[in-house]
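Chain by chain, the residues run as shown.
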Amino acid sequence: MNDMKRIGLLTSGGDCQALNAAMRGVVKGLSENTEELEVYGFLNGYKGLIYGNYKLLTSADFSGILTKGGTILGSSRQPFKLMRVPDENGLDKVEAMKQNYYKLNLNCLVILGGNGTQKTANLLREEGLNVIHLPKTIDNDIYGTDVTFGFQSAINIACEAIDCIHTTAASHNRVFIVEVMGHKVGWLTLYAGMASGADIILLPEIPYDIDKVIEAIDKRTKAGKGFTILAVAEGAISKKDAELSKKEYKKKLENYKYPSVSYEIADLIKEKTGIEVRVTVPGHTQRGGSPCPYDRVLCTRLGAEGARAIMEEDYGNMIAMVNGKIKRVPLGDVAGKLKTVDPDSQIIKQAKYVGISFGD
Ligand code: F6P
């Protein structure tokens, strides 16, 4: 047994399943191995750390939350690029976070979040604070870890949405588009699409040609298949748009008449084929509900290793899954990098081999 530990916890950015499971893992691991533990939960992400809004929690607060979605601490988006910009009252946010950390005499801050959150965690590390980062996001786009928590749970939800669409698509001989979250990457769409038998999968990493999409629909129609299902990533982009400069693309979006890319694709398919098209957007349902068993186990393992790192006073790392093993990865090596789907990867080749079209 070791002496007292005083840690801060916060969850930042968009929520996802298993945030509570991960915090529980850390706190359980520490409770088992310290004489005395003080846990300060900062409310609503970095906002709580900046403005000193926190709750002193006990191990009882972490009981019964393994299966609970959301986050018991609340979350908010605090863009990394604004961290160095004073707030509306002139407050220096980075300085304020440091002051609150020192005031509470913390041994370490355990920060749960995605890419932006990780960049701020790295900034705090550079500023001299002890931090540990746990990689959460349904997008699975954090560089340096095989998988993020939330991803598998979100696949289940997106997959179920597409499964349900399958029966109605078949009854009506329609084309159905299901738009999947994932921000600028296609992991969630790729896995949910493959798992649910989508015929066409459109990802940001593989810009599509609408004529190839139509070709794939025609091929199915000619083969006597009355319906086609597309899994479209919210960040999917056409070849034409991918060739635009950032400025030109921004201008296009300013005058965009569609709520999202799926509706534009739907219009084009209808115009070119005459087939009825319907769009379904499961949206934030993909971040909701109870974490799946895989995420519960992953978070218990990440939490345990996070606690072990704190006991060993080994800070400044993301606790990650690397080639199936839980490892500590230096934040300085990964912060600011994005993990995207490689268009030449095995999984894409295998998907194409079984006839899935990526519209390229
Ligand atoms: O990063 C998670 C995510 O759900 C993305 O997939 C999506 O683009 C974004 O967050 C939505 O953000 P918000 O909850 O702020 O609308």
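Residues numbered from 1 in each chain as written. Predicted model: local features only at pLDDT ≥ 70, side-chain atom pairs only at ≥ 80, totals over all residues. Heavy atoms only, no water.

A. Spotlight on the sheet that holds strand 8 (residues 228-233). Read across the sheet, four strands follow the order 7-8-6-9 without closing on themselves; strand pairing throughout is parallel. Of all the strands in the sheet, the pair left with one neighbour each is strand 7 (200-202) and strand 9 (277-280). Each adjacent strand pair in this sheet contributes to an overall mean axis angle of 20°, direction not counted. Packing of helix 5 (residues 151-172) onto the sheet brings it into contact with strand 6 (175-180), strand 8 and strand 9, and relative to strand 6 it is tilted by some 170°. Here helix 6 (residues 187-195) sits on the sheet and contacts strand 6, strand 7 and strand 8; the angle it forms with strand 7, its principal contact strand, is near 170°. (Pairing = 2+ DSSP bridges. Helix = DSSP H or I, 4+ residues; strand = E, 2+ residues; numbered from the N terminus. Axes fitted to C-alpha atoms, helices over the stretch in contact; angles between N-to-C directions. Contact = heavy atoms within 4.5 Å.)

B. Molecular detail of the site of the ligand. Close to the ligand lie R77, T137, I138, D139, M181, G182, H183, E234, H284 and R287, which account for all nearby residues. The separation between an oxygen atom of the ligand and a polar side-chain atom of D139 is 2.7 Å. Residue E234 places a side-chain N or O atom 2.5 Å away from an oxygen atom belonging to the ligand. (Near = heavy atom within 4 Å. Polar contact = N/O pair within 3.5 Å; in protein donor to acceptor, adjacent residues only side chain to side chain.)

C. Quick look at the state of the cysteines. Throughout the structure, instances matching the rule amount to zero disulfides. Just so you know, C292 is unpaired, no disulfide at all, and the nearest cysteine sulfur is the one on C299, 9.3 Å from it. Here C299 stays unpaired: no disulfide links it, and the sulfur of C16, its closest cysteine neighbor, is 7.4 Å away. Using a relative accessible area of 0% as the deciding quantity, one classes C299 as buried. (Disulfide = S-S within 2.5 Å. Buried < 20%, exposed > 50% of the residue type's maximum accessible area, 1.4 Å probe, protein only.)

D. Quick look at the nonpolar core. Core analysis: the biggest nonpolar cluster contains 64 residues, and L9, V110, L112, L134, F149, I310 and F358 have the highest contact counts within it. Contacts of L112, omitting those with residues within four sequence positions, involve L9, L10, T11, S12, L19, A22, M23, T117, L134, K136 and F149. Listed in part, the 26 residues of the second largest apolar core include L49, I50, L109 and M318. (Core = buried A, V, L, I, M, F, W, Y, C linked by side-chain atoms within 4.5 Å.)

E. Here's a closer look at the sheet that holds strand 10 (residues 317-322). Across the sheet, seven strands lie side by side as 3-2-1-4-5-10-11; this open sheet has mixed pairing. The sheet is open, and its two borders are formed by strand 3 (54-57) and strand 11 (325-330), each paired with just one other strand. The mean angle between the axes of side-by-side strands here comes to 25°, regardless of whether they run parallel or antiparallel. Alignment of strand 2 (residues 37-42) against strand 3, held across four bridges, turns out to be antiparallel. Paired with Y40 across the two strands is L56, which belongs to strand 3. The strands touched by helix 11 (residues 293-311) are strand 1 (5-11), strand 4 (108-113), strand 5 (131-135), strand 10 and strand 11; relative to strand 10, the strand with the most contacts, the crossing angle is about 135°.

F. View of unusual backbone geometry. Despite not being glycine, N140 has its phi angle at roughly 60°, a positive value. Here N140 shows up in the loop between strand 5 and helix 5. Of the residues examined, N140 reaches a relative accessible area of 3% and is grouped as buried. A positive phi angle is found at N323, which is not glycine, with a value near 50°.

G. Main features of the environment of E32. Tracing the sequence through the fold places E32 in helix 1 (residues 19-33). E32 sits in the exposed class, given a relative accessible area of 59%. Each C-alpha atom of the pair E32 and N44 lies 27 Å from the other, and the pair is twelve residues apart in sequence.

H. Local environment of helix 4 (residues 115-126). Between the first and last C-alpha of helix 4 there are 17 Å, a value that for twelve residues agrees with the 16 Å anticipated at 1.5 Å per step. Contacts made by the buried residues of helix 4 are with helix 2 (46-51), helix 3 (93-103), strand 4, strand 5, strand 10 and helix 12 (331-334). Following helix 4 by one or two positions, G128 has its phi on the positive side, about 100°. (Expected span 1.5 Å × (residues − 1).)

I. Broad picture of the packing of aromatic side chains. A full pass over the atoms with the stated rule returns five aromatic pairs. Geometrically, the ring pair formed by Y40 and Y54 is edge-to-face, given 5.6 Å between the ring centres and 80° between the ring planes. Placement of the pair is Y40 in strand 2 and Y54 in strand 3, with a sequence separation of 14 residues. Taking the relative accessible area as the measure of exposure, Y40 reaches 9% and is therefore buried. (Phe/Tyr/Trp six-rings, centres within 6.5 Å; stacked < 30°, edge-to-face > 60°.)

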